[in-house]
Amino acid sequence: METSINKIADTTVITVRGRLDTASAADFMKRIEPLAKKPGLKIEVECEDLEYISSSGLRAFIFLLKGAQAGGGSVKVRHLNTNVKEVFQMTGFASLFDID
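Reading guide: rules and limits
- Numbering of residues begins from 1 in every chain and follows the order in which that chain's sequence is written.
- With pLDDT at 70 or above as the cut-off, local features in this predicted model cover only qualifying residues; side-chain atom pairs require 80 or more to be listed or tallied, and sums for whole chains, interfaces and linings still use all residues.
- Hydrogen atoms and water are omitted, and side-chain values are computed over all heavy atoms in the structure.
- To qualify as a helix, a DSSP run of H or I must reach at least 4 residues; to qualify as a strand, a run of E must reach at least 2; elements of each kind are numbered from the N terminus.
- Any helix carries an expected span of 1.5 Å times its number of residues minus one.
- Note on classification: 1.4 Å probe, protein chains only; a residue is buried when its accessible area is under 20% of the maximum for its type, exposed when over 50%, partly exposed between these limits.
- In what follows, residue pairs with any heavy atoms lying within 4.5 Å of each other are defined as contacts.
- At least two bridges found by DSSP between two strands is the condition for calling them paired.
- Two aromatic rings, drawn from Phe, Tyr or Trp (for Trp, its six-membered ring), form a pair once their centres lie within 6.5 Å of each other, and the interplanar angle then sorts them: stacked below 30 degrees, edge-to-face above 60, tilted otherwise.

**A short note on helix α2 (residues 55-70)**
- With 16 residues, α2 extends 22 Å between its outermost C-alpha atoms, agreeing within 8% with the 22 Å of an ideal straight helix rising 1.5 Å per residue.
- Turning to α2, its buried residues number three or more, namely S56, G57, L58, A60, F61, I62, L64, L65, G67 and A68.
- On its buried side, α2 packs onto β2 (11-20), α1 (22-36), β3 (42-53), β4 (74-78) and α3 (82-91).

Written out as structure tokens, the structure reads:
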């Protein structure tokens, strides 16, 4: 799994590539933890190249969402592939996130 974080205008874009599974979720959490603690951030998670997400990966997304919302920010998830989108729908996460 690869993660990059870039600031584009007023939006922080997190790009996730590969498999976000139990093995990679801890590293992903370390990368996003500072963002989840900053108030007022507008965050977009670009998932076009996210091939798979496990329950550990979903927990990381919830961690990011709760942190952003607590500080008055937002999280938008973009370009989920069909398989990952199905996981979001089956788990009810699709109703929690702004998915584009």
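**Focus on the environment of I62**
- By secondary structure assignment, the location of I62 is in helix α2.
- Residues I62 and K30, 32 residues apart in the sequence, show an inter-C-alpha distance of 14 Å.
- If sequence neighbours within four positions are ignored, I62 has contacts with F93, L96 and F97.

**Section: the pairing of strand β1 (residues 2-8)**
- Note that β1 and β2 share 7 bridges and pair antiparallel. Looking at β2, one finds that N6 is bridged to V13.
- Hairpin connection between β1 and β2: a loop of 2 residues separates the two successive antiparallel strands, and A9 in this loop has a positive phi of roughly 55°.

**Considering the packing of aromatic side chains**
- Scanning all chains against the criterion turns up 6 aromatic pairs.
- Taking the centre distance of 6.1 Å and the plane angle of 70° together, the rings of F61 and F97 count as edge-to-face. With F61 in helix α2 and F97 in the loop between α3 and β5 (98-99), the pair connects residues that are 36 residues apart, well separated along the chain.
- The class for F97 is buried, based on a relative accessible area of 6%.
- An angle of 85° between the planes, with centres 6.1 Å apart, marks the rings of F88 and F93 as edge-to-face.
- What makes F93 buried here is its relative accessible area of 14%.
- The structure contains a cluster of three or more aromatic residues connected by ring pairs, namely F28, F61, F88, F93 and F97.

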